[in-house]
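Architecture at a glance
Below are the chains, spelled out letter by letter.
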Amino acid sequence: MTDQNRQETPEKRDGQETTHRRRVRYSGTHPKSYKEKYKEHQPEKYADTVEKVIRKGGTPAGMHISICVKEILDFLQIRPGQTGLDATLGYGGHTREMLKCLENQGHLYALDVDPIESAKTKERLAQQGFGEDILTVRLQNFADIDLVAKETGKKFDFILADLGVSSMQIDNPDRGFSYKAEGPLDLRMNPQKGISAAERLKGISLEELQGMLVENSDEPYAKEIARTILGWQKRGRAIETTTNLRDAIEEALRFIPEKERKEAVKKSCARTFQALRIDVNSEFEVLYTFLEKLPEVLAPEGRVAILTFHSGEDRLVKQSFRQFYKEGLYREISREVIRPSAEECARNSRAKSTKMRWAIRA
């Protein structure tokens, strides 16, 4: 029985009839779709199941495994009484570990533009003992860090920005972040603002789409993919879903020898979705603004760590840190990137592309 046709049976409690909803049913011995994995969505109730998924190198549905936690904490050197900022709250894994370092003294501010996941994370952290006396969660873009500092009247002793998309966003087909499952082609961090990726593709020019694929993800087959997408739209074939876009990419790469095509399509799908996501969320513009404002919101000797997940992000961070170091705004910066350990990458495949850079305010 699927989620759509699961049975609802009436029960009587205290003389009143209520509706009992049975858990999601699925075919086979193991759940396959996001919604069927009901145990993974309840880690507090099914800890053994969640641990088994993580042990096998997977990420449980609806969860996100934080990356480089030890490396971040070792660098930030958080002390009780300090004021910090988690610029990208997400699932709250990094947030929780930074809060522990404060030992209920000081305060941590956390930002996120995703109204769906940030509300869940705030509630989850409150249940773990991190209430509003120690943690303030704001539905705000991290490009506005200067406004946050102005409103709080404080500069930050430490700042973390994890620029990756959270696993619970990627895995949820309703958000449209992944080509691996059918869903609306949305890709917005905040689905209540802006236009979806599907809308963005409507009316886009060949030159603009090709440029987007090259600049945002270094797509080697940008011309072929852009031509195919526009060809579909000219023939009245709308690209409204994740599978529509995947099918268009498969068609665009038919010229590749069959034995190489499957892997090529997989990589081009990942790059194309990345390019569209960066575009609809203005990710490079937001990151540039954030980096420009960083020195003015850091307290003297304040520390910032940034995790990036593709070359475009890392390049912006490296250039900004080097420029402000030359200008004397940063006392010290990381000369080389810090990467997750081999053990961490084995446990969490999504950690493999991670790069960490840091800076210390003069």
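Within any chain, residue numbers begin from 1 and follow the written order of that chain's sequence. Thresholds applied to this predicted model are a pLDDT of at least 70 for local features of residues and 80 or more for the giving and counting of side-chain atom pairs; totals over whole chains, interfaces and linings are not thresholded and use all residues. Values shown for side chains rest on all heavy atoms present in the structure; no hydrogens or waters enter the calculation.

1. Focus: the overall build of the protein
For the protein, the helix and strand inventory stands at 14 helices and 9 strands. Out of the 362 residues belonging to the protein, those deemed buried represent 49%. Any two residues whose heavy atoms approach within 4.5 Å at even a single point are treated as in contact. For the protein, restricting intrachain contacts to residue pairs at least 6 apart in sequence, the fraction spanning at least 24 positions comes to 66%. Only DSSP runs of H or I covering at least 4 residues are called helices, and only runs of E covering at least 2 are called strands; the numbering of each starts at the N terminus. Classification of residues uses two cut-offs on accessible area relative to the type maximum, computed with a 1.4 Å probe and protein chains only: under 20% is buried, over 50% is exposed, and between them is partly exposed.

2. Some remarks on the nonpolar core
Membership of the largest hydrophobic core comes to 33 residues, with the highest contact counts inside it found for L185, L187, L209, I229, I239, L245 and L276. Breaking this core down by element, the ones donating at least two residues are α7 (197-201), α8 (206-217), α9 (222-234), α10 (242-252) and α11 (258-280). Excluding residues that lie within four positions of it along the chain, L209 makes contacts with L201, I204, A226, I229 and L230. In these notes, a set of buried Ala, Val, Leu, Ile, Met, Phe, Trp, Tyr and Cys residues joined through side-chain atoms within 4.5 Å is what counts as a nonpolar core. Ranked by size, the runner-up nonpolar core spans 28 residues in total, among them Y109, V148, V304 and Y330.

3. A short note on the packing of aromatic side chains
Stacked, edge-to-face and tilted labels apply to pairs of Phe, Tyr and Trp rings (six-membered ring for Trp) whose centres lie within 6.5 Å, assigned for plane angles under 30 degrees, over 60, and everything in between, in that order. According to the stated counting rule, one finds 7 aromatic pairs in the structure shown. For the ring pair Y221 and F255, a centre distance of 5.7 Å and an interplane angle of 75 degrees mean the geometry is edge-to-face. Highlighted residues: Y221 in the loop between α8 and α9 and F255 in the loop between α10 and α11, separated in sequence by 34 residues. An aromatic cluster is defined as three or more aromatic residues linked by ring pairs; in this entry it consists of F321, F324 and Y330. Only when the NZ of Lys or the CZ of Arg is both within 6 Å of the ring centre and within 35 degrees of the ring normal is a charge said to sit over the ring. Of note, R124 hangs over the ring of Y91, and the distance from its end group to the ring centre comes to 3.8 Å. The ring of Y325 carries the charged tip of R335 above its face, separated from the ring centre by 4.7 Å.

4. Observations concerning the sheet that holds strand β4 (residues 107-112)
Criterion used throughout: strands pair if DSSP finds at least two bridges between them. A sheet is described by the order of its strands in space; here 7 strands give the open sequence β5-β4-β3-β6-β7-β9-β8, paired in mixed fashion. Every interior strand has two partners, whereas the edge strands, β5 (135-139) and β8 (330-333), have only one. Across this sheet, the average inter-strand angle for adjacent strands is 15 degrees, counted without regard to direction. Bridge analysis of strand β6 (residues 156-162) against strand β7 (residues 298-308) gives 6 bridges, and the strand direction is parallel. Counterpart to L160 in the pairing with β7 is A305. Think of each axis as a best-fit line through the C-alpha atoms, taken over the contacting stretch in the case of a helix, with angles from 0 to 180 degrees between the N-to-C directions.

5. Some words on helix α2 (residues 69-76)
Residues of α2 that are buried: I72, F75 and L76. The arc that holds the buried residues of α2, viewed along the axis, is 95 degrees, so those residues lie on one side. Along its buried surface, α2 packs onto α3 (93-102), β6, β7 and β9 (355-361). Positive backbone phi, approximately 50 degrees, marks Q77, located one or two places after α2. Within this analysis, the arc is defined by the directions that extend from the helix axis to the C-beta atoms.

6. A short note on the side chain of T121
By the secondary structure assignment, T121 is in helix α4 (residues 115-127). In contact with T121, other than residues within four places in its own chain, are L89, G90, Y91 and G92.

7. A short note on the confidence of the model for the protein
On a range of 0 to 100, pLDDT expresses the predictor's confidence in each residue. Of the residues in the protein, 81% reach a pLDDT of 70 or more, and the chain-wide mean stands at 85. Across residues 1-9, confidence stays below pLDDT 50; counting only partners more than four residues off in sequence or on other chains, it has 22 contacts. A low-confidence stretch, residues 35-40 (pLDDT under 50), is modelled with 23 contacts involving residues beyond four sequence positions or located in other chains.

8. Observations concerning a positive patch on the surface
A grouping of K180, K262, K266 and K267 is seen on the molecular surface, where their side chains present a positively charged patch. With respect to the secondary-structure elements, K266 resides in helix α11. Residue class for K266 comes out partly exposed when judged on its relative accessible area of 42%. Here the term patch refers to residues with relative accessible area over 30% and no salt bridge, with like charges joined within 9 Å and nonpolar side chains (Val, Leu, Ile, Met, Phe, Trp, Tyr) within 5 Å. For the accessible areas, the method is Shrake-Rupley and the probe is 1.4 Å, while residue cover comes only from the protein chains on display. Whenever a carboxyl oxygen of Asp or Glu lies within 4 Å of a side-chain nitrogen of Lys or Arg, that contact is scored as a salt bridge. Only four residue types enter the tally: Lys and Arg on the positive side, Asp and Glu on the negative side; His and the chain ends are excluded. A single reference atom marks each charge: NZ on Lys, CZ on Arg, CG on Asp, CD on Glu.

9. Notes on the side chain of R357
Looking at the element boundaries, R357 is found in strand β9. Judged by relative accessible area, R357 falls into the buried class, the value being 8%.

10. Section: the pattern of salt bridges
Applying the stated rule across the entire model yields 20 salt bridges. Two residues, K202 and E199, come together in a salt bridge whose shortest N-O distance is 3.2 Å. The closest approach of N and O atoms between E251 and R235, which form a salt bridge, is 3.8 Å. One end of the pair, E251, is in helix α10; the other, R235, is in the loop between α9 and α10, and 16 residues separate them in sequence. Look at E251 and you get partly exposed, because its relative accessible area is 25%. Residue class for R235 comes out exposed when judged on its relative accessible area of 53%. Shared partners join several salt bridges into a network, and the residues in it are R96, E97 and K100.

11. Some words on the packing of α9 against α10
Closest axis-to-axis distance for the α9/α10 pair is 9 Å, and the angle between their directions is 120 degrees. Taken together, the axes of α9 and α10 are oblique relative to one another. α10 is crossed by α9, and the crossing has right-handed handedness. In this structure, α9 contributes E224, I225, T228, I229 and W232 to the contact, and α10 contributes N244, L245, D247, A248, I249, E251 and A252. Its residues assigned to classes, the contact of α9 with α10 comprises 7 nonpolar, 2 polar and 3 charged. An angle below 35 degrees is read as roughly parallel, one above 145 as roughly antiparallel, one from 65 to 115 as roughly perpendicular, and any other as oblique. Two helices that cross are described as forming a left-handed crossing if the nearer one is turned anticlockwise from the farther one by less than a right angle, and a right-handed crossing if clockwise. For this classification, the nonpolar set comprises Ala, Val, Leu, Ile, Met, Phe, Trp, Tyr, Cys and Pro, the charged set comprises Asp, Glu, Lys and Arg, and every other residue, Gly included, is treated as polar.

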